Structures are given as structure tokens and as C-alpha cells.
Amino acid sequence: MTQASPSSSSPAVLTPKDLLGLLGAADELAVLDVRPHGVYARGHLLLSASASYWSLELEIDRLAPRRDTQLVLVDDDDGLAGRAARKLAVLGYTRVALLQGGIAGWQAAGQQLFSGTNVLSKAFGEVLEHELGTPWIDAADLKQRLRRGDKLVVVDSRTPEEFANFSIPGAYSLPGAELVYRIGEVAPDPDTLVVVNCAGRTRSIVGAQTLINAGIPNEVVSLRDGTMAWLLNGDTLDHGKIRPAPAPSARTLAEARARAERVASRAGVDRLDDAGLQRLLSQPGRTVYRFDVRDRQEYLAGHLPGWRWAPGGQLVQATDEYAATRGAHIVLADWDGVRALTTAAWLAQLGAFQVHIYPVTLRPGAALETGEEPVRVLRAHVEDAPAVAPTELARWLEEGDTAVFDIENSVAYARRHIAGARFVGAHALERTLAALPAATRVVLTSADGLLAHSVARELQSEGRAVHTLRGGNRAWFDAGLETGAGREGIETGEEDTWYGPYVYRDLAERDAKFRAYLDWEIGLVAQLEREPRVGINLKGSLRAEPRQSGASAS
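Residues numbered from 1 in each chain as written. Predicted model: local features only at pLDDT ≥ 70, side-chain atom pairs only at ≥ 80, totals over all residues. Heavy atoms only, no water.

1. A short note on the sheet that holds strand β10 (residues 220-223)
Strand pairing in a sheet takes place through backbone hydrogen bonds and is either antiparallel or parallel in direction. How we decide: Strand pairing requires that DSSP identify at least two bridges connecting the strands. We count a stretch as a helix when DSSP gives it H or I for four or more residues in a row; a strand needs E for two or more, and each element gets its number in order from the N terminus. Only heavy atoms matter for contacts: two residues are in contact if any of them lie within 4.5 Å across the pair. For helices, the fitted axis covers only the stretch in contact; all axes are lines through C-alpha atoms, and the angles between them, taken along N-to-C directions, range from 0 to 180 degrees.
Read from one edge of the open sheet, five strands run β6-β10-β9-β7-β8, paired in parallel fashion. Each having just a single partner strand, β6 (136-137) and β8 (172-173) make up the two edges of the open sheet. Here strand β7 (residues 152-156) runs beside β8; their pairing, made up of two bridges, is parallel. Bridging from a neighbouring strand, Val155 pairs with Tyr172 of β8. Helix α9 (residues 179-186) rests against β7, β8 and β9 (193-197) of the sheet, and its axis sits at about 150° to β7. Along the sheet, helix α10 (residues 202-214) makes contact with β9 and β10, crossing β10 at roughly 175°.

2. A short note on the pairing of strand β2 (residues 30-33)
What counts here: Only protein chains enter the accessibility calculation, which uses a 1.4 Å probe; a residue is then buried when its area is under 20% of its type maximum, exposed when over 50%, and partly exposed in between. The handedness of a crossover follows from its direction of travel: if, with the strands pointing away from the viewer, the path from the first strand over the helix to the second runs clockwise, the crossover is right-handed.
Going residue by residue along β2, you find Ala30 and Leu32 tucked away on one face and Val31 and Asp33 tucked away on the opposite face as well. Judged from the four bridges that link them, β2 and strand β4 (residues 71-74) form a sheet pairing that is parallel. Bridge assignment links Asp33 to a residue of β4, and that residue is Val74. Pairing between β2 and strand β3 (residues 48-50): three bridges, direction parallel. Note on β3: the bridge partner recorded for Leu32 is Ala49. Chirality of the crossover, the property in question, places the unit of β2, helix α2 (residues 37-42) and β3 among those that are right-handed.

3. Side note on the nonpolar core
What tends to happen in soluble globular proteins is that the nonpolar side chains get buried as a cluster. Inclusion rule: To define a nonpolar core, start from buried Ala, Val, Leu, Ile, Met, Phe, Trp, Tyr and Cys residues and group those joined through side-chain atoms within 4.5 Å.
Judged by nonpolar contacts, the single largest core of 103 residues is most densely connected at Leu19, Leu45, Val155, Ile183, Val194, Leu211 and Leu332. When residues no more than four places from it in sequence are discounted, the contact partners of Leu19 are Leu29, Val31, Leu45, Val72, Leu99 and Trp106.

4. Looking at the UniProt feature "domain: Rhodanese" (unreviewed entry) in the protein
Selection rule: UniProt positions are given in the numbering used here, feature names are shortened, and annotations may be inferred rather than shown by experiment.
When the UniProt feature table is mapped onto this chain, "domain: Rhodanese" (unreviewed entry) is found at residues 25-115, 148-239, 292-361 and 398-485. The span residues 25-115 shows a helical share of 35% and a strand share of 16%, and its end C-alpha atoms are spaced 25 Å apart. In residues 148-239, the share of helix is 38% and the share of strand is 17%. The end C-alpha atoms are 24 Å apart.

Dropping the structure here:
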């Protein structure tokens, strides 16, 4: 087996057997699938992360920040991984290899593919229920109990934004990392049944098991199949509701801290002081991810310089979107003695990372950063394409001979887009532009303009004159200019992004997608049993104690 080195003129090529050997070793490794995200979701290596070629400049520094990490790129054996390797070399990455034969080569070697997104995290939830017997209640039983006025509380473990989109009537918004932190405020009576729900299965199961692991005195169950089951049962959801659980009082915070300490201790999570953190950061050949897992408003108000935001529930639910380097260290900032500890305990059990807690002890006058986490865009091409302001683009569209292409996310495009724009995934843009009349002015746009600027730079380096919309769609919307909605302008199907079941508006189609998705999730346990290198362990978890009058047992 040959590996890429700083002096290599071309990337190494690894056989599937070579890659299996790397996956079984303890060294750091990032397997990156450079195909479009929607294509990735149809079938990929379990332990790979999605890193679409056209988004590499925006995503690679977050996914694999250390330049000498061993990267292995996966494609459809169509040359895309080779293009990505050349781009990564320009960006400073020195150890890049290609998987021989791509996806087809992996299958031909007898290895399986996994469909969907965040698969390992979702499979983890299924393993919890399968191995620990995490108890559940079905939608019909929950509805009956709510009508009866039983002593229960429903807590939704998704993000506040997802909760505002739709929620079970009467539920509280209590994202995953907030569960142990705030549960004492919404269920102070130990006789209250706590029902944890999400949109499907994973965060319902992980959320319920989080509270069970913490040892709260209440009976805890997950809502089996989440709001999908609620809708399939013929019930309706609230929309636009904002109902966060209250912040903990001094008493409930003390209880939550004691519970979180026990959970983290069982999972083997350690603490780093200032000196320990600095030693870790200074070690050569080590990738260290640093995350703040508090809620968004707390992060915006002030966070440690250089620390990224990853709300705890999402860090467990979508780990591969935040940290692609297996074998790396993850350090979570502990501000309150609860949220970082419970999140770290799950990451330690998920495997693949060495997980630490960094207690935040701020001295008077300590410097904090405020605002959004900055996106560090690496640049493989120096020349910027010319940018056009929203009002000027509106004038160009009135004049004609201008084509506007939204290139980031077809789901968002269908929801709202610039009037007259078409959607073409960045992966298909070169082919689309080649078919345009030579005199056509081309303007690229994306959500905030970053992806459009990155893609435009590459196109310009290849001799194609394009413009970008300054500030992207966000600037156009903020200017109050004309918008459209619907899928009519989408020219590249579902290749650019994963289409979750809730995207579909036809109810029969949506319900069929719900059932297929739930069957897929449940089937992950059996599929995972054929993957020996995953690393999941449940050393920090507890089986639920059986209750005499409890909900259904799984």
C-alpha cells in the first residue's frame, strides 16, 4: 500500500483492502465522498463524510482542519476525486489518496453501501433501543393519554428552528443537550411521565436514553417514530410555536450537575485544565476540534476565541457534518457543568474520537468573541469573479440576456428563490453553461453568496466569464425584490441535497416516504452488524428500569 506524501506529484491510489486496513488502525483518517450530497445519500461508505467537490473550499477546513491528515477521496470512478485531490493540494493538504474504483470498486470488493445521511449517528440510536430496551410509547397511546389529561409532559429534542416549523401541541422545545439541564423545570414531579419526541426516531431514542442515563426519577419514554407517526395517525401539528423550557433554578441546576457528572464518569470522559488543553493543541500530528454546545443565543453573546458552535444535540445527531477525522480529539467547552458533559458522554460511546471536557473559568476581563462563527474559506483560485448588487441584477433581468443560476440547495430554492432564477446543482453547472448562447450574462447565487463566489472563481480560472450576486439570496430577499417559489425551475432533480420525507407536499407521497424512512432506520441495526470497525460502545448507558404502570416496552 502506498500513501500520499508531501512530495507526491499525484495522489496515491488505495484498494478497498488498503482502506479497510486504515479504518481498522488507530491513526487519524478522514474518508471524504466528493460527489454531490444527494448522490452521496443514495449510497456511500458508512464511515465517510460528505464533502462535495464544489463545496471543498468552504467545508474542508471545518471537516479536516489539519493539513497533513490522511485523506481518502471517494467518487464514482469518474475522475472527480482526482480533481478534488488537485484542489486539495493547492489548498495545502499533503496526504491525499483516492479509493480505487470509487463506489463501484468498494461494492465489487464485497463491501456494503449505506443510504441516507448522518447514518452512523442514526444507527447509534437504533442500537440504543435494541441493546438497552429504551422504552417507547406509540402515537395513538400518547394521544389518548393527552385527551385523558394524564400527568405527562412532551419534550421535543430537535433544534428550536425545527420546533418552530412544526411541533406536537403542548410540547416544550428542549434540544438534546438541554434535556438534563432543563428537565427539572418542566417535570418537577417525579410522577410525571416524560415523553421525548423528534421528527423521526433517532433524537427521540437518544433523548429518552439521555434522561434515563442521567437517572431522573421520572418514567421516561420516546415517542415511537416521532412526529411521522403522529401525522400517520391522522393527528395535526402546531406551526410557528416557540415554547422553550425555562432555564434551571439553582436547585434544579445542582441536581442536573450531579446527574451529568455520573453520566460523564461512566462514559470515561476526562477534563482538561488550561495547561492540558494547550499541550493537546501543541502536539504535532493531532487534530483537535473545539466545540461550544450551548444554545445559539448564548454562543452569539460570547464564546471562547476560536471555538466553533455545535449545539449538543446536533453534534450527536450529525457528528459527520462537524468532524470528519476519525481518531481526532474533540474538546467541549463546559460552561455550566451539564450540557457539555452529557454531550461528551454520547460522543465517547459513539466511538471514533477521544473526547474531553474543558471547564470554562473566566477571569475578570477575559476576552470573548461575539457573533456568528466565522466561516474560513480556503482559496484555490485567487481571482474573484465580478459581483453585482441585487438592484443592478434586477435591472439586468428586465433588460434580458441574463441567466441567474441558484446553485446551493434545491429544497431551499423550492421554498423561495429569486424571481426568474433557475436551479442547477453546482456539479452540473459546467454542462449547463456550455449550452447557453455566448452573449448570455451569467450570474451565480447561493444562500449567502459564499458558494457562488467559490464556484465562480473556479469557472473563471477555466475561462468562463460569470458574475456573482453580492450577498447571495439573503441580500436579494432583504432588499424586498421579487421572489418566486416552487420546483418548476429545478433542472437537476434531487442530486444536490438529501430530500427528507417532510419535503414532499403530496400527502400520499409524503406518508409513503415516512414509512420507507422509518423502515430504513429500523433496518440499520442489522446492516451495522456487518461493519466490524464502527467502535460503538454503551459503557456510559443504563437499561431502563421496568415500571408497573409504564408505557409500551420496545
